[in-house]
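Each chain, letter by letter, is given below.
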Amino acid sequence: MASRVSAEAPARGASVPVPALPRLGRTWYRRGPAYWLRRTRTTVFVLSAMTLSGLFALGLYSGFRDLLPPTVRVVWDGVQAAASVVTAGWGWVTQRRGHRAALLSPPSPDRSRRARRDHAGRVPGQIAWGRGLVLLAAPVVPAFAAYTAGWLAAWLTVREYPSEVGARRWTEEHSTGA
């Protein structure tokens, strides 16, 4: 029989192998350089996506804005700026509340994998639906982009994901024989 890969070996004092989590693999257990490299990679990708979506939102909004008379344009820009600040804060608060609730009942490693798979299956339909809505929402796209940016910024700045907490609890329960 071939020897196990180090990632498949049981954790110290544990009788079960450390479960792999979506996006983090088994790096969540020791939180070493590989873990932080994965978190950094995710952050860079999400910041790039936020920048591109923000530029898209501003481009779409400027196309709508050009149709407005000059006096209305100034007022509408002020409303959009205020709405964007409010929705960015709302996105942040919404994500933090959801994160707090998820930490109270963290998912098991299997539930995390199922949720990731289910989410990936829904994405193409959500993209198609979103394209149609973007055209209707052109006047308020910056506020939507600000909400998303606030939500994602809060998601990126958490110390620990609920899936990590759930996997740690699962590992502790199964290593003690409970």
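Visitor: So what about helix H1 (residues 33-65)? Which residues, and what values?
Guide: With 33 residues, H1 ought to run about 48 Å at 1.5 Å a step, and its terminal C-alpha atoms sit 47 Å apart, in line with that. Along its buried surface, H1 packs onto helix H2 (70-104), helix H4 (141-156) and helix H5 (162-175).

Visitor: Go over the nonpolar core with me, naming the residues and quoting the values.
Guide: One finds Leu-21, Leu-24, Trp-28, Val-46, Leu-152, Trp-155 and Tyr-161 to be the most contacted residues of the largest nonpolar core, which totals 13 residues. When residues of this core are traced back to their parent elements, those giving at least two are H1 and H4. For Val-46, the contacting residues outside a window of four places in its chain are Leu-152, Trp-155 and Leu-156.

Visitor: Give me the lowdown on unusual backbone geometry, citing residues and values where you can.
Guide: In this structure, Arg-23 takes a positive phi of about 70° despite not being glycine. Topologically, Arg-23 is positioned in the segment before H1. What makes Arg-23 partly exposed here is its relative accessible area of 42%. Backbone geometry at Arg-31 places phi at a positive 55°, although glycine is not the residue there. Taking the relative accessible area as the measure of exposure, Arg-31 reaches 24% and is therefore partly exposed.

Visitor: Go over the side chain of Ser-84 with me, naming the residues and quoting the values.
Guide: If you trace the backbone, Ser-84 turns up in helix H2. Ser-84 has contacts with Pro-142, Ala-143 and Ala-146, leaving out every residue within four places of it along the chain.

Visitor: Residues and numbers for the pattern of salt bridges, please.
Guide: Here the structure, examined in full by the defined rule, presents four salt bridges. One salt bridge in this structure joins Glu-160 and Arg-31, with 3.8 Å as the shortest N-O distance. Residue Glu-160 is found in the loop between H4 and H5, and its partner Arg-31 is found in the segment before H1; the two are separated by 129 residues along the sequence. A relative accessible area of 22% means that Glu-160 is categorised as partly exposed. Salt-bridge contacts for Glu-160 lead to Arg-168; the nearest nitrogen and oxygen are separated by 2.5 Å.

Visitor: Any details on the side chain of Gln-95? Residues and values, ideally.
Guide: With respect to the element layout, Gln-95 can be found in helix H2. A relative accessible area of 5% means that Gln-95 is categorised as buried. Not counting chain neighbours up to four residues away, the residues in contact with Gln-95 comprise Trp-151, Ala-154, Trp-155 and Val-158.

Visitor: Residues and numbers for the confidence of the model for the protein chain, please.
Guide: When pLDDT is averaged across the protein chain, the result is 81; 80% of the residues are at 70 or more. Low pLDDT, under 50, characterises residues 1-10; the stretch is placed with nine contacts to residues that sit more than four places away or in other chains.

Quick notes on the rules
- Note that residues are indexed from 1 along each chain, following the sequence as it is written.
- In keeping with the model being predicted, local features are shown solely for residues with a pLDDT of at least 70 and side-chain atom pairs are shown and tallied solely at 80 or more, while totals for entire chains, interfaces and linings include all residues.
- Side-chain measures were taken over the full set of non-hydrogen atoms in the model, leaving aside hydrogen atoms and water.
- Strands are runs of DSSP state E lasting at least two residues, helices are runs of H or I lasting at least four, and both sets are numbered from the N terminus onward.
- For a helix, the expected span equals 1.5 Å multiplied by the number of residues minus one.
- Working rule for contacts: check all heavy atoms of both residues, and any pair within 4.5 Å makes them a contact.
- We call a set of buried Ala, Val, Leu, Ile, Met, Phe, Trp, Tyr and Cys residues a nonpolar core when their side-chain atoms join them within 4.5 Å.
- Buried, partly exposed and exposed residues are distinguished by accessible area as a fraction of the type maximum, computed with a 1.4 Å probe on protein chains only: under 20%, between the cut-offs, and over 50%, respectively.
- What makes a salt bridge here is a side-chain nitrogen of Lys or Arg within 4 Å of a carboxyl oxygen of Asp or Glu, nothing more.
- The predictor attaches a confidence to each residue, called pLDDT, with possible values from 0 through 100.

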